Amino acid sequence: MQTRICIPEVGAVAGASAIALDFETASANPGSICAIGLAWIRGQEVTHVAHRLVKPHDMYFNPWNVAIHGLGPRDVEDEPEFPAIWDELLPHLEAVPLLLAHNAPFDIGVLRRALAHYRLPVPSLSFLCTVKIARAAWPDLTDHKLSTVAAHIGIALRHHEADSDAAACAGIAIRATQEAGVLSLADALPRWSIQAGRLERDHYEPCATLSDRAAQRRRQRIPAWLRRI
């Protein structure tokens, strides 16, 4: 059984430069959060990890999702729904300059859907995708899945346990920064040609490389009717 690791008090993680975040979902509905993993980075190390189980709003668990993470209704029936945990989590996200996720489109998408479902305000967040960081740092890997990158850099991983996934995501960012020969992620981003994504109440911009953004500009120059062909 996956165990709860409480979210620390904000003061206990003061000075953190980033938080890595991982969601596990109960079904194909991106808002069906059943577990949240968090890892705080300060300096060049992971200082704290948290793991919270979450009761999905409809308590529907798709067997395919259960087979991935091993969580089911009995594991979360006595846990709070997302808004209660969001009240604990939000002050932490507001206290750091960066949020990290491995495959950020998924995790940020899950967050956006959960906020929309519960009609919660959207915070202002900057975020990075460690898939893109890993591709820049280790371009010769066969793929850049979390398990592949973690194995490459020697990080122990209990894949699809949210706290372990978040810690691995944080470890990838730390190791990539070290191998880039700089002191912070912010210093490494220009070397990797990566720009942080941005989430705000009325705006969403994905984390992207310069080539991603150039490709997007080229697509935008194609007439809409032609893009649908």
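Keep in mind it's a predicted model, so treat the numbers as computed, not measured.

Asker: Looking at this model, I keep getting lost on helix 4 (residues 104–117). Mind explaining?
Answerer: Side chains that are three or four residues apart share a direction in an α-helix, a result of its 3.6 residues per turn. Compared with the 20 Å implied by 1.5 Å per residue over 14 residues, the 19 Å span of helix 4 between its first and last C-alpha is a close match. Among the residues of helix 4, those classed as buried are A104, D107, I108, V110, L111, A114 and L115. On an axial view of helix 4, the arc spanned by its buried residues comes to 150 degrees, and they lie on one face. In helix 4, the exposed positions that point more than 90 degrees away from the buried face belong to P105 and A116. Phi turns positive, to about 55 degrees, at R119, one or two residues after helix 4.

Asker: Would you explain unusual backbone geometry in this entry?
Answerer: In most cases, non-glycine residues show a negative phi, while peptide bonds are predominantly trans. The backbone phi angle of R119 is positive, close to 55 degrees, even though this residue is not glycine. As for its placement among the helices and strands, R119 is situated in the loop between helix 4 and strand 5 (125–129). Unlike most non-glycine residues, H160 shows phi in positive territory, near 75 degrees. Residue position: H160 is located in the loop between helix 6 (146–153) and helix 7 (162–179). Classification of H160 by relative accessible area gives partly exposed; the value is 26%.

Asker: Would you take a moment to explain the packing of aromatic side chains for this structure?
Answerer: Aromatic rings in a pair are described by how distant their centres are and how their planes are angled relative to each other. Considering all chains together, one arrives at three aromatic pairs under this definition. Relative to Y204, the ring of F127 has its centre 6.0 Å away and its plane inclined at 10 degrees; by these criteria the two rings are stacked. Residue F127 is located in strand 5, and its partner Y204 is located in strand 8 (residues 203–205); the two are separated by 77 residues in the primary sequence. A relative accessible area of 26% places Y204 in the partly exposed class. Members of the aromatic cluster, joined through ring pairs, are F82, W86 and Y118.

Asker: Teacher, can you tell me more about the sheet that holds strand 1 (residues 18–25) here?
Answerer: Paired through their backbone hydrogen bonds, the strands of a sheet run either parallel or antiparallel. Taken together, seven strands build an open sheet; the order of strands is 3-2-1-4-5-7-8 and the sheet is mixed. Every other strand in the sheet has two partners, leaving strand 3 (45–53) and strand 8 as the edge strands with one partner each. The mean angle between the axes of side-by-side strands here comes to 25 degrees, regardless of whether they run parallel or antiparallel. Relative to strand 7 (residues 197–200), strand 5 runs antiparallel, the two sharing three bridges. Its bridge partner being in strand 7, S126 is matched across the sheet by R198.

Procedures and definitions
Residues numbered from 1 in each chain as written. Predicted model: local features only at pLDDT ≥ 70, side-chain atom pairs only at ≥ 80, totals over all residues. Heavy atoms only, no water. Helix = DSSP H or I, 4+ residues; strand = E, 2+ residues; numbered from the N terminus. Expected span 1.5 Å × (residues − 1). Buried < 20%, exposed > 50% of the residue type's maximum accessible area, 1.4 Å probe, protein only. Arc of directions from axis to C-beta. Phe/Tyr/Trp six-rings, centres within 6.5 Å; stacked < 30°, edge-to-face > 60°. Pairing = 2+ DSSP bridges. Axes fitted to C-alpha atoms, helices over the stretch in contact; angles between N-to-C directions.

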